[in-house]
Amino acid sequence: MYEVTPEGGNHADDRTSEGADSDNSVLTPDAALVKRWTGTLAGSAGSAVPESRSTPDEHLLTSLIDQIRTLEELKAAASAAQARAAAVFDAMTRRAQSAAGVRPEHLGKGVGAQIGFARRESPARGTRLLGLARILTREMPHTLHALTLGVISEWRATLLVRETACLTLEDRQRIDEQVAGNLAGLEQLGDRQLVARIKTLSYALDPHAVVNRAAKAVSERFVSCRPAPDTMTYVTALLPVAQGVSVYAALTREADRLRAAGDVRTKGQIMADSLVERTTGQAHAEDVRIEVQLVMTDRTLLAGAAEPAVLPGYGMIPAQTARNMVRSDTRTGESPDPATSSARHSE
């Protein structure tokens, strides 16, 4: 059993996955206790807003803010408990696999996927969370301690791990102590300030590692496309800093120029349209002509049916949106024939 003290510490054994064995005392709170906490939180406060008064209840307002902060700290502490549990689960699973004769290179296979399933995340995300758990429990005790106390969130713990990945274990632990060991200072840092602080210390400790990391990062530049709500999409480019800043500056200058000339579009709209126009070579963003392999039934295309269409690489889109895309093709003089158009029709 895991008991939380008023100071935010715990009485569980402070052992990492390296020393995990069959002793359950190394584990985080048992499931029954956590379920009781969950039930308590579920009934702790209703969503109804108290009847309006001419003067707000300052005590109630303060209490609500305190509750929000406390729950945020609880979320962080839960993340730390998940990290410890994941690290122990990984170590014990590997030990069991080794005893069963599994080859060394296959030890731990599937553990990340199980972690992801338990956390309702994808296998890839589960594997990343497992990697975070290993580093926190084995290499960065101060960061894990700060997470346990609710001083930082799981995301900020991830930043600490990510930004020190290029360093040796010794240098990483120095930064862990200098940054995460100062709880008062750590709590005052936002995400950007935290990253800047880590980068400054990293460069002072090992400038060659930082430079080599930057050089490797350039080789990993890419462009991705993923769905966004309301039939929109995110097109993201990971670029070297000089190129990225240049792209953004060019789009900003174009937006400022057109706005000064009386363009009624917002700055963001002009920048988005300019990006499309400069990338595709079209005079106007809405005239873009790129084969997108739109898949829809003849009923949706010709009879006004509501069956959604499919856009490979994106997913389902509303029937009317698909018809609008086809109409856009025909307005440019192109035929929606399956052999020449951006639309393919399926029964």
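Calculation rules
Every residue gets a number counted from 1 within its own chain, in the order that chain's sequence is written. Local features in this predicted model are restricted to residues of pLDDT 70 or higher, and side-chain atom pairs are both shown and tallied only at a pLDDT of 80 or more, whereas totals for entire chains, interfaces and linings draw on every residue. Think of the side-chain values as coming from all heavy atoms in the structure, minus any hydrogens and water. A pair of strands is considered paired only if DSSP assigns at least 2 bridges between the two. In DSSP terms, a helix is any run of H or I states spanning at least four residues, a strand is any run of E spanning at least two, and both are numbered starting from the N terminus. Only heavy atoms matter for contacts: two residues are in contact if any of them lie within 4.5 Å across the pair. The term nonpolar core refers to a set of buried residues drawn from Ala, Val, Leu, Ile, Met, Phe, Trp, Tyr and Cys, joined through side-chain atoms within 4.5 Å. Buried means the residue's accessible area, taken with a 1.4 Å probe over protein chains only, is under 20% of the maximum for its type, while exposed means over 50%, and partly exposed covers the values in between. Salt bridges are counted wherever a side-chain nitrogen of Lys or Arg sits within 4 Å of a carboxyl oxygen of Asp or Glu. To get an axis, a line is fitted to the C-alpha atoms, and for a helix only the part in contact is used. The angle between two axes follows their N-to-C directions and goes from 0 to 180 degrees. The scheme is simple: roughly parallel for angles under 35 degrees, roughly antiparallel for over 145, roughly perpendicular for 65 to 115, oblique for anything else. Gly is placed with the polar residues, together with every amino acid not listed as nonpolar (Ala, Val, Leu, Ile, Met, Phe, Trp, Tyr, Cys and Pro) or charged (Asp, Glu, Lys and Arg). Per-residue confidence from the prediction method is given by pLDDT, with values spanning 0 to 100.

Enquirer: What is the right way to read the pairing of strand 2 (residues 232-238) from this model?
Expert: Along any regular strand, the residues point their side chains to alternate faces of the sheet. Here strand 1 (residues 222-228) pairs with strand 2 via 7 bridges, running antiparallel. Counterpart to Val223 in the pairing with strand 2 is Ala237. As consecutive antiparallel partners, strand 1 and strand 2 are separated by 3 residues, and within that stretch Asp230 has a phi angle of approximately 60°, a positive value.

Enquirer: Help me out: how do you make sense of the side chain of Asp90 in this one?
Expert: Structurally, the position occupied by Asp90 is in helix 2 (residues 58-99). With sequence-adjacent residues up to four places away left out, Asp90 is seen in contact with Val111, Leu130, Arg134 and Arg138.

Enquirer: I tried to follow the nonpolar core on my own but got confused; where do I start?
Expert: Grouped burial of nonpolar side chains is what soluble globular proteins tend to show. Ranked by internal contacts, the top residues of the largest apolar core, which has 30 residues, are Leu136, Leu147, Ile152, Leu160, Val179, Leu186 and Leu194. At the level of secondary structure, the elements contributing two or more residues to this core comprise helix 2, helix 3 (111-118), helix 4 (123-138), helix 5 (141-148), helix 6 (154-163), helix 7 (169-180) and helix 9 (191-205). Once residues lying within four places of it in the same chain are set aside, the contact partners of Leu136 are Ala83, Pro141, Thr143, Leu144, Leu147 and Val161. Counting residues in each nonpolar core, the second largest holds 9 residues, with Leu294, Leu301, Ala309 and Tyr314 among its members.

Enquirer: Is there a simple way to explain the pattern of salt bridges in this structure?
Expert: Opposite charge on two side chains allows them to pair when their charged atoms are near. Within the structure shown, the criterion is met by 20 salt bridges. Measuring nitrogen to oxygen at the nearest pair gives 3.0 Å for the salt bridge that ties Arg119 to Glu154. Taken together, the positions of Arg119 in the loop between helix 3 and helix 4 and Glu154 in helix 6 put the pair 35 residues apart, joining distant regions of the chain. On the accessibility criterion, Arg119 (23% relative accessible area) is partly exposed. Glu154 gets classed as buried once you look at its relative accessible area, which sits at 17%. Residue Arg174 pairs with Asp171 through a salt bridge whose shortest N-O separation is 3.7 Å. Separated by 3 residues within a single helix, Arg174 and Asp171 lie in helix 7, roughly one turn from each other. Classification of Arg174 as partly exposed rests on a relative accessible area of 39%. Salt bridges here are not isolated pairs; linked through shared partners, they connect Asp90, Arg94, Arg134 and Arg138.

Enquirer: Even after reading the chapter, I still don't get the packing of helix 2 against helix 5, so can you show me in this structure?
Expert: Between two packed helices, both the angle of their axes relative to each other and the distance between the axes serve to describe the pair. Viewed as axis vectors pointing N to C, helix 2 and helix 5 meet at an angle of 135°, and their least axial separation amounts to 7 Å. By the angle class used here, helix 2 and helix 5 are oblique. Contact residues: helix 2 offers Ala76, Ala77, Ser79, Ala80 and Arg84, while helix 5 offers Leu144, Leu147 and Thr148. In terms of residue class, the contact of helix 2 with helix 5 is made up of 5 nonpolar, 2 polar and 1 charged.

Enquirer: Just to check I follow, could you spell out the side chain of Ser274 for this structure?
Expert: Among the structural elements, Ser274 can be located in helix 12 (residues 267-280). For Ser274, the contacting residues outside a window of four places in its chain are Leu251 and Glu254.

Enquirer: Sorry if this is basic, but what is going on with the confidence of the model for the chain here?
Expert: Detailed reading of the predicted coordinates is not advisable wherever pLDDT is low. Residues of the chain with pLDDT of at least 70 account for 81%, and the chain-wide mean is 83. Mean pLDDT values for the elements of the chain range from 42 in strand 6 (residues 343-345) up to 97 in helix 5. Of the regions scoring below 50 in pLDDT, residues 1-25 engages in 45 contacts with residues more than four places distant in sequence or in other chains. Of the regions scoring below 50 in pLDDT, residues 331-347 engages in 37 contacts with residues more than four places distant in sequence or in other chains.

Enquirer: Explanation requested: the packing of helix 4 against helix 6 in the structure shown.
Expert: Interhelical geometry of helix 4 versus helix 6 gives an angle of 70° and a closest axis separation of 11 Å. As judged from the angle between their axes, helix 4 and helix 6 are roughly perpendicular. Residue-level contacts link Arg125, Leu129, Leu132, Ile135 and Leu136 of helix 4 to Glu154, Ala157, Thr158 and Val161 of helix 6. Classifying every residue of the contact of helix 4 with helix 6 by side-chain character gives 6 nonpolar, 1 polar and 2 charged.

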